[in-house]
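Spelled out, the chains give:
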Amino acid sequence: MRFDVLTLFPDIFHAVMKESIIGRAQEKNIIEINAINIRDFSKDKHKKVDDYPYGGGGGMVMTPQPIYDAYLSIVKDLPHKPKVIYLSPQGKVLNQKKVVELSKEKHLILLCGHYEGVDERIIEEIVDEEISIGDYVLTGGEIPAMVLIDSVSRLVPDVLPSEDAYKNESHYNGLLEYPQYTRPYEFMGRKVPDILLSGHHAKIEEWRKEQSLKRTLEKRPDLLKKRD
Ligand SMILES: NC(=O)c1ccc(NC2CCCC2)nc1
């Protein structure tokens, strides 16, 4: 799976995305992440990428030409136009269902805005959908883009060591994850539930399902309504 990120701050991606699971998946060429610097496509002699908003008001708006030319540099040789996602507070809030849907794509272009955002005509011209990672405002779309890349990449085959690693993750099968324990058996006077040491896999499975349901009821009862 290929991610092309249109951003003013490509170094942020190089730093974060070469680490851990995502970094290893890139080395294994299972996923590819390219950060494209929008500023490289500015035709302005001072490499300007923003300007004052028509109609006045504070802040600056990202001008459309550099973004459009950066976009063209990606798609000009491609047989199909990849889905373009603009990370914005106005987007549909990302959830695991959407993450699963996006993980089926072969190629995604993520547009990261800054300042007051991008010129509306860019959204009209190249953006297929807007996605938000939650109802709060950030200084740029880069962190939301990394959240999207991380959550989607986990579901790309062979990125995670084993299938079941994500099968029981929180927000998977619609429930929160059961409690996890590892060595030592006793810590701060707290012991591991004995069922987990019984070796009785059917009973352990049952206990885990009960715990998932119990936790979901306590912490996120809203998730129970949505379960299909
Ligand atoms: N909740 C979010 O996913 C989100 C995305 C982008 C953003 N800020 C960007 C959007 C255009 C200028 C800065 N803030 C919040």
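Because the structure is predicted, anything quoted here is derived from the model rather than measured.

The rules we used
The numbering scheme is per chain: residues are counted from 1 as the chain's sequence reads. Thresholds applied to this predicted model are a pLDDT of at least 70 for local features of residues and 80 or more for the giving and counting of side-chain atom pairs; totals over whole chains, interfaces and linings are not thresholded and use all residues. Only hydrogens and water are set aside when side-chain values are computed; all heavy atoms of the structure are taken into account. Aromatic contacts are taken between Phe, Tyr and Trp rings whose centres are within 6.5 Å, Trp giving its six-membered ring; a plane angle under 30 degrees counts as stacked, one over 60 as edge-to-face, and the others as tilted. The helix count covers DSSP runs of H or I at least four residues long, the strand count covers runs of E at least two residues long, and both are numbered beginning at the N terminus. Residue exposure (1.4 Å probe, protein chains only): buried if accessible area is under 20% of the type maximum, exposed if over 50%, otherwise partly exposed. For this purpose, a residue is taken to be near a molecule or strand whenever a single non-hydrogen atom of the residue falls within 4 Å of it. A 3.5 Å cut-off defines polar contacts: any pair of N or O atoms within that distance qualifies, except that in protein one atom must be a possible hydrogen donor and the other a possible acceptor, and neighbouring residues in sequence count only when both atoms are side-chain atoms. For accessible areas, the Shrake-Rupley method is used with a probe of radius 1.4 Å. Any residue's cover is judged against the shown protein chains and nothing else. A cavity here means a set of 1 Å grid points, computed over protein atoms only, where a 1.4 Å probe fits but cannot escape. A pocket is an open set with protein on both sides within 12 Å along at least 5 of 7 lines, and lining residues have an atom within 4 Å of a point. Put plainly, a molecule is in a cavity or pocket when over half of its atoms are within 2 Å of the grid points there. All residues other than Ala, Val, Leu, Ile, Met, Phe, Trp, Tyr, Cys, Pro, Asp, Glu, Lys and Arg, Gly among them, are scored as polar; the first ten of these are nonpolar and the last four charged. An automatic or database domain assignment provides the domain bounds reported here. We call a set of buried residues a nonpolar core when its members are Ala, Val, Leu, Ile, Met, Phe, Trp, Tyr or Cys and they connect through side-chain atoms within 4.5 Å of each other. Residue contacts are defined here by distance: any two heavy atoms, one from each residue, within 4.5 Å place the two residues in contact. Grid points are joined across faces, edges and corners, and a volume is the space filled by probe spheres set on the points.

The next subject is the packing of aromatic side chains. Inspection of every chain in the model, using the stated rule, returns one aromatic pair. Centre to centre, the rings of Tyr 68 and Tyr 71 are 6.0 Å apart; their planes meet at 40 degrees, and the pair counts as tilted. Of the two residues, Tyr 68 and Tyr 71 are both situated in helix H3 (residues 64-75); the distance of three residues between them amounts to about one turn of the helix. By relative accessible area, which is 29% here, Tyr 68 ends up partly exposed. Its relative accessible area of 5% is what places Tyr 71 among the buried residues.

Attention now moves to the site of the ligand. Around the ligand, the structure places 18 residues, and the nearest of them are Ser 132, Ile 133, Gly 134, Tyr 136 and Leu 138. Side-chain polar atom of Ser 132 to a nitrogen atom of the ligand: 3.2 Å apart, as the coordinates give it. Take Ile 133: an N or O atom from its main chain is 2.7 Å from an oxygen atom of the ligand. Taking 380 Å² as the accessible area of the ligand by itself, protein coverage stands at 96%. Spatially, the ligand is embedded in the second largest pocket. With four residues, the single largest contributor to the shell around the ligand is strand E5 (residues 83-93). Looking at the shell around the ligand residue by residue, the classes come out as nine nonpolar, nine polar and no charged.

This paragraph deals with the domain arrangement of the protein chain. You can read the domains of the protein chain as domain 1 (2-153) and domain 2 (168-224). The C-alpha-based centres of domain 1 and domain 2 are spaced at 37 Å.

Moving on, we get to the nonpolar core. Among the nonpolar cores identified, the biggest contains 27 residues, and Phe 3, Ile 31, Leu 110 and Leu 148 are the most heavily contacted of them. When residues of this core are traced back to their parent elements, those giving at least two are strand E1 (2-7), helix H1 (10-17), helix H2 (20-27), E5, helix H4 (96-102), strand E6 (107-112) and helix H6 (142-153). Beyond its immediate chain neighbours, meaning those up to four positions away, Phe 3 contacts Ile 31, Glu 32, Ile 33, Asn 34, Leu 108, Leu 110, Leu 148, Ile 149, Val 152 and Ser 153. One finds Val 49, Met 62, Val 75 and Val 127 within the second-largest nonpolar core, a separate group that totals 20 residues.

Of the pockets and cavities examined, the second largest pocket occupies roughly 460 Å³. As for the second largest pocket, its lining consists of 25 residues, of which Tyr 86, Leu 87, Ser 88, Pro 89 and Gly 117 are closest to the centre. The set of elements that each furnish at least two residues to the lining of the second largest pocket consists of E5, helix H5 (120-126) and strand E7 (129-132). Per-element accounting of the lining of the second largest pocket gives the leading share, five residues, to E5. Looking at the lining of the second largest pocket residue by residue, the classes come out as twelve nonpolar, ten polar and three charged.

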